[in-house]
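An overview of the molecular structure
One letter stands for each residue in the lines below.
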Amino acid sequence: MKFIAFHFMPYRELPSDFEEKYPSVWVTPPKTLFNPELGHRMYHDYLDELEYAIDLGFDGVGVNEHHSNAYGMMPSPNLMASILSRKIRNSDKTSLLILGNSLAAYNPPIRVAEEMAMLDVLSGGKLIAGFPVGTSMDGNYAYGINPAELRERYYEAHDLIMKAWKSDEVFMWNGKYNQLRYVNPWPRTAQRPHPPVWIPGGGSVETYDFCIENQYSFSFLSYFGHKYANKVLGPFWERNDELGGDRNPYKTGICQFIFVSETDERAQIEYEEHIRYFFSKCMHTDRRFAEAPGYRTVKSLRAGLRSQFDGTKKRPGDMLKDGTMTWQDLIDEGFIIAGSPTTVRDRLRDVLGSIRAGNVVALLHAGSMPHWLTRKNMQMFAEEVMPYVKDIHSEWDDSQYWPKGISEEKVQETLTQP
Amino acid sequence: MAQPISKIIKINENVSFEVKIAGQGEPVVFLHNLGGLKWNRFLDQLSDHYQVYAPHLPGTGASTGLETINNLWDLILCYYDLFDELGLESAHVIGHSLGGMIAAELAATDQSRVKQLVAIAPVGLFLEDHPIPDMFAMLPEELNRLLILDQDSPEAQMMRYVPDDLDDRTELMIERIQNQVAAAKFLWPIPDKGLKSRIHRIKAQTLLIWGKQDGLIPVVYGEEFQRRIAHSELKIIENASHLVDVEQTEEVISFIRDFMKTSDVALAR
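Here we summarise the structure given alongside this text. If you're wondering where the values come from, they're calculated on a predicted model, not measured in any experiment.

**Quick word on the overall build of chain B**
- The helix and strand inventory of chain B stands at nine helices and eight strands.
- For 269 residues, the compact-globule formula gives about 18 Å, and the C-alpha radius of gyration of chain B, at 17 Å, lands near that figure.
- Expressed as lengths along the three principal axes of its C-alpha atoms, the size of chain B is roughly 60 × 45 × 35 Å.
- Within the span of chain B, comprising 269 residues, buried residues form 45% of the whole.
- Restricting to contacts in chain B with at least 6 residues of sequence separation, those with at least 24 account for 71%.

Next comes the structure, spelled out in structure tokens:
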């Protein structure tokens, strides 16, 4: 198993009546609610937390991209990744996961090839390159990308970036959305021919095929945990088998909130308030922005609508909105895994026995969690849970999906005048 | 209500139009709004006086090829090709809302193809002081309230209609979304796609029709269109919002008929 300490970098101090007073945490959250002095503190706490995760020996630390979003304050994840790369280069365990850059938002998209190559070189060949399509709120509403073009732009950008990484030559790109006479990004990536690629996605067959055919790792990044992830990963593996792919578990990842304390009771006392902050404020989005027309293909749309109408798909967000979910419900529904180290270990073993996923994007910070508590959670998880579940899937080779790093840095000779 | 016939007209290897055709007389092309083409009271009455050709925008109805149309310019050329296939050297063109913008672009790009232009509450211009609300970030009931003044009218009820049968409901939703998808391709994220730099080229006689209480595109836009189009007049209709053609059908038809007569006079001179 591989565990990534992942951070959204949320704004921790939204007003208590935020969800009553304002329509959305995303696209339209009032900027006046952002206090830069508090923001300064939050950013540095969060970076400290991710650096601490490197000390604790997580397999990866992860960041992602959101726009106009009060629960994800990383419009540029690459800035955060560049800070982390300085420590990662000295780690023999931890990789740098950017999950990722929303390709259609970069113009020209070779900006991604360039910045990720910089990060790969800076980190010593430890980068995992995540290529999400991005949500409709980020791409269409906050960034104004035409929904009719979003997916085409994404695939064209992907093809361009991969060619830029793989090619030894200066080449020309005459695309539908990008025309470049000279494609020749410097630097080139440290990992050859390119860093491992991960695709965070929803549940469309097109995305499954894209990952399976290209040997990219598919991650289902829902905030609602393993039960919902299984509904998407199940069909992924079916499709994988149809296409004759191997069953390497590192081909898939799930996202999971995990909270560890000394006892089950203490976990509730310490974490519940912050988890509720996340689910009530950070998930408070305006359904007007749920999906721009054209964001999903008609095929995905038809499947989604039908299950929505006939009630087979009860949406987890709706369960939260009616406000009746207890702490135990959150655990039972799989939104969170929480409790004493033993409880969390057992639960994780159960879950990972029924879900085929080699990568766990562990959300160890939620909503308003203070720095000390996040550090505690990370430490307890790394020391008292992680070592006991690491053996799962250890018989599989992860090297297609994880960085190997470049050879150790040669020690610089002292620069003195002879 | 007269049933129009539906014809599929292929204009190139990628794009086909479904065109609804009804009536006799002078040919008139009608371009629908972002709600998609519905054969309604307005088109029915229009076809009492003219031969009406009403194409579905590519990507809606049975019209295909939206994904191969890269931009507004491609789209406009598709309509000229359709005119060719219909044998229309030059036609009277009526467009509503999105269709009004397309009609104006058709008249501005090739001045010989549009005999007379009727633009009913067209989009296409954008005034910073009177921003058109984001029609792609509204709940259906919110949009409906902006579109139609009398919320008890049959048209308003039709827009709220949700079938009980789940398959029917899914398909109706898909149809509504597809209409939006096609419209969004040419209007996202702000419905201002450069008409302002071309509108001065419109030489055709132009009739602008606006509902006085238009909740989506206020009447001030009508005044702006009139100011920018050389041979234009603006008719403002009481007790109507954005769907003025179905809200006050008789009045709109009568303005159009009067206007089309002036073209005969102009031609006779």
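From this point, the narrative continues.
**Thoughts on the overall build of chain A**
- Secondary structure summary: chain A contains 15 helices and 11 strands in total.
- Taking 418 residues into account, the globule formula puts the C-alpha radius of gyration at 22 Å, and chain A, at 21 Å, falls close to it.
- Taking the principal axes of its C-alpha atoms as reference, chain A extends roughly 65 × 55 × 50 Å.
- Scored against the burial criterion, the 418 residues of chain A give a buried share of 49%.
- Sequence-distant contacts, at least 24 apart, represent 79% of the contacts inside chain A between residues at least 6 apart.

**Examining the packing of helix 10 (residues 298-309) of chain A against helix 6 (residues 166-187) of chain B**
- The interhelical angle for the contact between helix 10 of chain A and helix 6 of chain B, taken along N-to-C directions, is 140 degrees, at an axis separation of 10 Å. By the angle between their axes, helix 10 of chain A is oblique relative to helix 6 of chain B. Two packed elements cross with a definite hand, and for helix 10 of chain A against helix 6 of chain B that hand is right-handed. On helix 6 of chain B, the residues touching A:Val298, A:Leu301, A:Arg302, A:Leu305, A:Arg306 and A:Phe309 of helix 10 of chain A are B:Leu166, B:Arg169, B:Thr170, B:Met173, B:Ile174, B:Ile177 and B:Gln178.
- Taken together, the residues of the contact of helix 10 of chain A with helix 6 of chain B sort by class into eight nonpolar, two polar and three charged.

**Quick word on the interface of chain B and chain A**
- At the interface, 17 residues of chain B touch 17 residues of chain A.
- A per-class count over the side of chain B that touches chain A returns 12 nonpolar, three polar and two charged.

**Describing the environment of B:Gly99**
Residue and element names in this part refer to chain B.
- Inspection of the secondary structure puts Gly 99 in helix 3 (residues 98-109).
- Assessed through the 27 C-beta atoms surrounding it within 10 Å, Gly 99 is described here as buried.
- Along the chain, Gly 99 and Ala 119 lie 20 residues apart, while their C-alpha atoms are 8.0 Å from each other.
- In contact with Gly 99, other than residues within four places in its own chain, are Leu 31, His 32 and Asn 33.

**Quick notes on the environment of A:Ser76**
- Position of A:Ser76 among the secondary structure elements: in the loop between strand 2 (60-63) and helix 3 (77-88).
- For the pair A:Ser76 and A:Glu206, spaced 130 residues apart in the sequence, the C-alpha separation amounts to 27 Å.

**So, the pairing of strand 1 (residues 2-6) of chain A**
All names here are of chain A.
- Counting buried residues along strand 1, five of its five residues qualify, which places the element largely inside the surrounding structure.
- By the alternation rule, side chains of strand 1 split into Lys 2, Ile 4 and Phe 6 and Phe 3 and Ala 5, which are all buried.
- Note: strand 1 against strand 11 (residues 359-363), five bridges, orientation parallel. Bridge pairing links Ala 5 to Ala 362 in strand 11.
- One ladder, built from three bridges, connects strand 1 with strand 2; its direction is parallel. For Ile 4, the partnering residue across the bridge sits in strand 2 and is Gly 60.

**Overview of the packing of helix 4 (residues 110-123) of chain A against helix 6 (residues 147-166) of chain A**
Residues and elements named next belong to chain A.
- Taken N-terminus to C-terminus, the directions of helix 4 and helix 6 make an angle of 45 degrees; their axes are 8 Å apart at the nearest point. Classified by the angle between their axes, helix 4 and helix 6 sit oblique to one another. Like other packed secondary-structure pairs, helix 4 and helix 6 cross with a definite hand, here right-handed. Contact residues: helix 4 offers Ile 110, Val 112 and Ala 113, while helix 6 offers Leu 160, Ile 161, Ala 164 and Trp 165.

**Points about helix 14 (residues 371-384) of chain A**
Residues and elements named next belong to chain A.
- The end-to-end C-alpha distance of helix 14 is 20 Å, a good match for the 20 Å that 14 residues give at a rise of 1.5 Å each.
- Inspection of helix 14 places Thr 374, Asn 377, Met 378, Met 380, Phe 381 and Ala 382 among the buried residues, and these make up the whole buried set.
- Along its buried surface, helix 14 packs onto strand 1, helix 2 (36-55), strand 9 (252-260), helix 13 (341-354), strand 11 and helix 15 (386-389).

**Looking at the sheet that holds strand 3 (residues 27-31) of chain B**
Residues and elements named next belong to chain B.
- Taking strand neighbours across the sheet as the criterion, the eight strands line up as 1-2-4-3-5-6-7-8 in an open arrangement whose pairing is mixed. Strands with a single pairing partner mark the edges of an open sheet, and in this sheet they are strand 1 (5-10) and strand 8 (232-237). Averaged over neighbouring strand pairs, the angle between their axes works out to 20 degrees when direction is ignored.
- Bridge count for strand 5 (residues 91-96) against strand 6 (residues 114-120) is six bridges, and the pairing is parallel. Within the sheet, the bridge partner assigned to Gly 95 lies in strand 6 and is Ala 119.
- Its contacts with the sheet put helix 7 (residues 219-228) on strand 6, strand 7 (205-211) and strand 8, and the angle it makes with strand 8 is roughly 165 degrees.

**Focus on helix 7 (residues 205-214) of chain A**
Residue and element names in this part refer to chain A.
- Within the span of helix 7, buried status applies to Thr 207, Tyr 208, Cys 211 and Ile 212. Taken end-on, helix 7 shows its buried residues confined to a sector of 125 degrees, consistent with a single buried face. Set apart from the buried face of helix 7 by more than 90 degrees, the exposed residues are Glu 213 and Asn 214.
- Looking at the buried residues of helix 7, the elements they touch are strand 7 (197-200), strand 8 (217-220) and helix 8 (225-242).
- Remark: Gln 215 follows helix 7 within two positions and exhibits a positive phi of approximately 60 degrees.

**Re unusual backbone geometry**
All names here are of chain A.
- The amide bond that connects Leu 99 to the next residue, Gly 100, takes the cis arrangement and shows omega of 0 degrees.
- Cis rather than trans, the peptide bond between Asn 107 and Pro 108 has omega equal to -5 degrees.
- Relative to the helices and strands, Pro 108 resides in the loop between strand 3 (95-98) and helix 4.
- Although it is not a glycine, Gln 215 adopts a positive phi angle of roughly 60 degrees.
- Topologically, Gln 215 is positioned in the loop between helix 7 and strand 8.
- Accessibility expressed as a C-beta count within 10 Å gives 14 for Gln 215, which makes it partly exposed.
- Its identity is not glycine, yet His 393 carries a phi of approximately 65 degrees, on the positive side.
- As for its placement among the helices and strands, His 393 is situated in the segment after helix 15.

**Focus: the environment of A:Ile54**
Residue and element names in this part refer to chain A.
- Position of Ile 54 relative to the elements: it lies in helix 2.
- Along the primary structure Ile 54 and Ser 95 are separated by 41 residues, whereas in three dimensions their C-alpha atoms are 8.7 Å apart.
- What Ile 54 contacts, discounting residues up to four positions off in sequence, is Val 61, Lys 87, Ile 88, Ser 91 and Thr 94.

Procedures and definitions
- Residues numbered from 1 in each chain as written.
- Chains lettered and ligands numbered in written order.
- Predicted model: local features only at pLDDT ≥ 70, side-chain atom pairs only at ≥ 80, totals over all residues.
- Helix = DSSP H or I, 4+ residues; strand = E, 2+ residues; numbered from the N terminus.
- Rg over C-alpha atoms; globule rule 2.2 N^0.38 Å.
- Buried ≥ 20, exposed ≤ 12 C-beta atoms within 10 Å, placed from the backbone.
- Contact = placed C-beta atoms within 7 Å.
- Axes fitted to C-alpha atoms, helices over the stretch in contact; angles between N-to-C directions.
- Parallel < 35°, antiparallel > 145°, perpendicular 65-115°, else oblique.
- Left-handed = near helix turned anticlockwise from the far one by under 90°.
- Nonpolar A, V, L, I, M, F, W, Y, C, P; charged D, E, K, R; others polar.
- Pairing = 2+ DSSP bridges.
- Expected span 1.5 Å × (residues − 1).
- Arc of directions from axis to C-beta.

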